[in-house]
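Now for the letters of each chain:
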Amino acid sequence: MEIPFLSLREGHSSIEKELCDSARRVIESGTYINGPETRAFASELESLLGVAHVVPVSNGLDALRLILRAYIETGRLAPGDEVMLPANTYIASVLPVVEFGLTPLLVRPDLSTYGLDWNEVMRLLSPKTKAVMAVHLYGTPGWDSAAAAELKERGILLIEDNAQAIGAGVHIPATGEVRLTGALGDAAAFSFYPTKNIGALGDAGAVATSDPEIASIVKSLANYGSTVRYHNDYAGYNCRMDELQAAFLRVKLRHLESVSEKRRRNAEIYLHMLEGCDIILPETVPNTTQVWHQFVIRHPLRERLRKHLAEKGISSDIHYPLSLFRQKCLAGLPAVKADRGEASALADRLAAEVLSLPVANVTEQQICRISDEIKSIHRQSL
Ligand SMILES: *Cc1c(COP(=O)(O)O)cnc(C)c1O
């Protein structure tokens, strides 16, 4: 029996009726853009996160673009300013940085969270640093409350790429409360690409912020730069979420806790089954709630491991095979080209070693089978 990496169809089987009812409601409403579903989704996500403003948008990449562009409009960011982000993140984190002429500074990843190494962030700070983009990669909060507080004090913007971690949380020592990722910094981008923990049936994303000025600029930019019809304050874009996706996402949001719980349970089973095996397992990070967007193991002979699993009908994936230092589209940028040997060597090593195992809707039996295969190839040859 084949084990797929992720079956979106299967993930929808238990909520099919709710999705169909939502689609019918939208079809019958006669409103397909900027309507009640988008507004309701925004307010439901605001309550979940505990932020003042959510702006539903077209996708995660656009969410990041709108955030950066909004800060540029306020004058808090300007072309040439430096934005730090982890060197091992997905390409979409960095594309908007480059698009607006900001300078990406690729920071060494932390090996327990796979997000930013915050000691490196503090060490690399310079007067040119105007923003730090924390990426909660694989569903693990990549956050350091003390460092974040210090950056805030210095007036540096904290932007979160929360595309992979909706529902993840961080225990904040100063107040004793748990804050969800996407509500930690100044503004956060969400993606609802179908494979994300909360996925639309198409493209969708959101911006979350408690800054009313940023929220209103983002909202305007996403709608041609206009808030009053035919009056355009900014040269904006069309980055709206449509009503149909918002209606689907409202269904998905109601099931977020059970989706996260299932991923957490699956991760626990893997960690238990693979304990003592000679591979690097993902860490359970203290003072956080992880939502396991990916379950990522590491081994220097990753390709052999992956091939063995494939021969046994087990699909896996690689997030990501090339570090940002190696992306052609970034080559030549001063901060990328600069000799930062250690950071790029570490990012290369991760790119060569990471392997994502199926985690979203696998059964306990399937996890046991996958784990047994990993252990058996270990005994043989790795
Ligand atoms: C998916 C993803 C994005 C982009 O989201 P889209 O909706 O696909 O545009 C950005 N950052 C990270 C880390 C992602 O995983």
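Please refer to the structure higher up on the page.
Residues numbered from 1 in each chain as written. Predicted model: local features only at pLDDT ≥ 70, side-chain atom pairs only at ≥ 80, totals over all residues. Heavy atoms only, no water.

**Remarks on the overall build of the chain**
Filter applied, for reference: Put simply, DSSP marks the helices as runs of H or I at least four residues long and the strands as runs of E at least two long, and each gets a number from the N terminus on. The globule rule is 2.2 Å times the number of residues to the power 0.38, and the radius of gyration it is compared with is taken over C-alpha atoms. The contact rule is simple, with two residues in contact once any of their heavy atoms fall within 4.5 Å. Values of accessible area rely on a 1.4 Å probe in the Shrake-Rupley scheme; residue burial ignores everything except the protein chains shown. We treat Lys and Arg as the positive residues and Asp and Glu as the negative residues; His and chain ends play no part in the count. The location of each charge is read from NZ of Lys, CZ of Arg, CG of Asp or CD of Glu.
Helix and strand content of the chain: 14 helices and 14 strands. The C-alpha radius of gyration computed for the chain amounts to 21 Å, which stays within 12% of the reference 21 Å derived for 382 residues, consistent with globular compactness. When its C-alpha atoms are laid out on the principal axes, the chain stretches across 70 × 55 × 45 Å. Sequence-distant contacts in the chain: of pairs separated by 6 or more residues, those separated by 24 or more amount to 72%. When the accessible surface of the chain is totalled, it reaches about 16500 Å², and 52% of it is carbon and sulfur. The distance from the centre of the 40 positive side-chain charges to the centre of the 46 negative ones in the chain is 3 Å.

**Structural notes on the packing of aromatic side chains**
What counts here: For Phe, Tyr and Trp, where Trp contributes only its six-membered ring, two rings pair if their centres lie within 6.5 Å, and the inter-plane angle classes them as stacked under 30 degrees, edge-to-face over 60, or tilted in between. Each residue is placed in one exposure class: buried if its accessible area under a 1.4 Å probe, protein chains only, is under 20% of its type's maximum, exposed if it is over 50%, and partly exposed if it falls in between.
Summed over all chains, the structure comprises seven aromatic pairs. Ring geometry for Phe190 and Phe192: centres 6.3 Å apart, planes at 20°, overall stacked. Judged by its relative accessible area of 1%, Phe192 is buried. Linked through ring pairs, Phe41, Phe190 and Phe192 together constitute an aromatic cluster.

**Re the pairing of strand β1 (residues 53–57)**
Note the threshold: Note: two strands are recorded as paired if DSSP finds a minimum of 2 bridges between them.
Across the five residues that make up β1, a large majority, four, are buried. Bridge count for β1 against strand β9 (residues 205–209) is five bridges, and the pairing is antiparallel. Paired with Val55 across the two strands is Val207, which belongs to β9.

**Describing the pairing of strand β13 (residues 295–298)**
Going residue by residue along β13, you find Phe295 and Ile297 tucked away on one face and Val296 and Arg298 tucked away on the opposite face as well. For β13 and strand β14 (residues 354–357), the ladder comprises four bridges, and the chain directions are antiparallel. Along β14, the bridge assignment pairs Phe295 with Leu357.

**Re the nonpolar core**
Note the cut-off: Joining through side-chain atoms within 4.5 Å is the link that ties buried Ala, Val, Leu, Ile, Met, Phe, Trp, Tyr and Cys residues into a set, and such a set is a nonpolar core.
Counting 71 residues, the largest nonpolar core has Phe295, Ile297, Leu357 and Ile374 as the members making the most contacts within it. Tallying contributions element by element places helix α4 (residues 60–74) first for this core, with seven residues. Discounting chain neighbours no more than four positions away, the residues touching Ile297 are Leu274, Ile279, Ile280, Leu281, Pro282, Leu305, Glu353, Val354, Leu355, Leu357 and Ile374. Listed in part, the 22 residues of the second largest apolar core include Ala188, Ala206, Ala208 and Leu256.

**Regarding the site of the ligand**
Applied cut-off: What makes a residue near a molecule or strand is one non-hydrogen atom of that residue sitting within 4 Å of it. Any pair of N or O atoms that falls within 3.5 Å is considered a polar contact. Within protein, one atom must be able to donate a hydrogen and the other to accept it, and sequence-neighbouring residues count only if both atoms are side-chain atoms. Each cavity reported here is a set of points on a 1 Å grid over the protein atoms alone in which a 1.4 Å probe fits but cannot get out, each pocket an open set with protein on both sides within 12 Å along at least five of seven lines, and each lining residue one with an atom within 4 Å of a point. Assignment of a molecule to a cavity or pocket requires that more than half of its atoms lie within 2 Å of the corresponding grid points. In this classification, Asp, Glu, Lys and Arg are treated as charged, Ala, Val, Leu, Ile, Met, Phe, Trp, Tyr, Cys and Pro as nonpolar, and every other residue, Gly included, as polar.
Neighbouring the ligand are the residues Asn59, Gly60, Leu61, Tyr90, Ala92, Ser93, Asp161, Ala163, Gln164, Ser191, Tyr193 and Lys196. Measuring from an oxygen atom of the ligand, one finds a side-chain N or O atom of Gln164 at 2.8 Å. Notes on the ligand: free accessible area 380 Å², of which the protein chains cover 91%. Assessed atom by atom at 2 Å from the grid points, the ligand resides in the second largest pocket. Secondary structure elements with two or more residues in the shell around the ligand: α4 and α5 (91–99). Class assignment of the residues belonging to the shell around the ligand gives a composition of five nonpolar, five polar and two charged.

**Quick word on the sheet that holds strand β12 (residues 288–289)**
Strands sit in the order β7-β6-β12 across an open sheet of three strands; the sheet is antiparallel. Edge positions in the sheet fall to β7 (178–180) and β12, since each of these pairs with one other strand and no more. Inspection of the sheet shows strand β6 (residues 169–171) paired to β7 by three bridges, in the antiparallel sense. Across the sheet, the residue bridging to His171 is Val178, located in β7.

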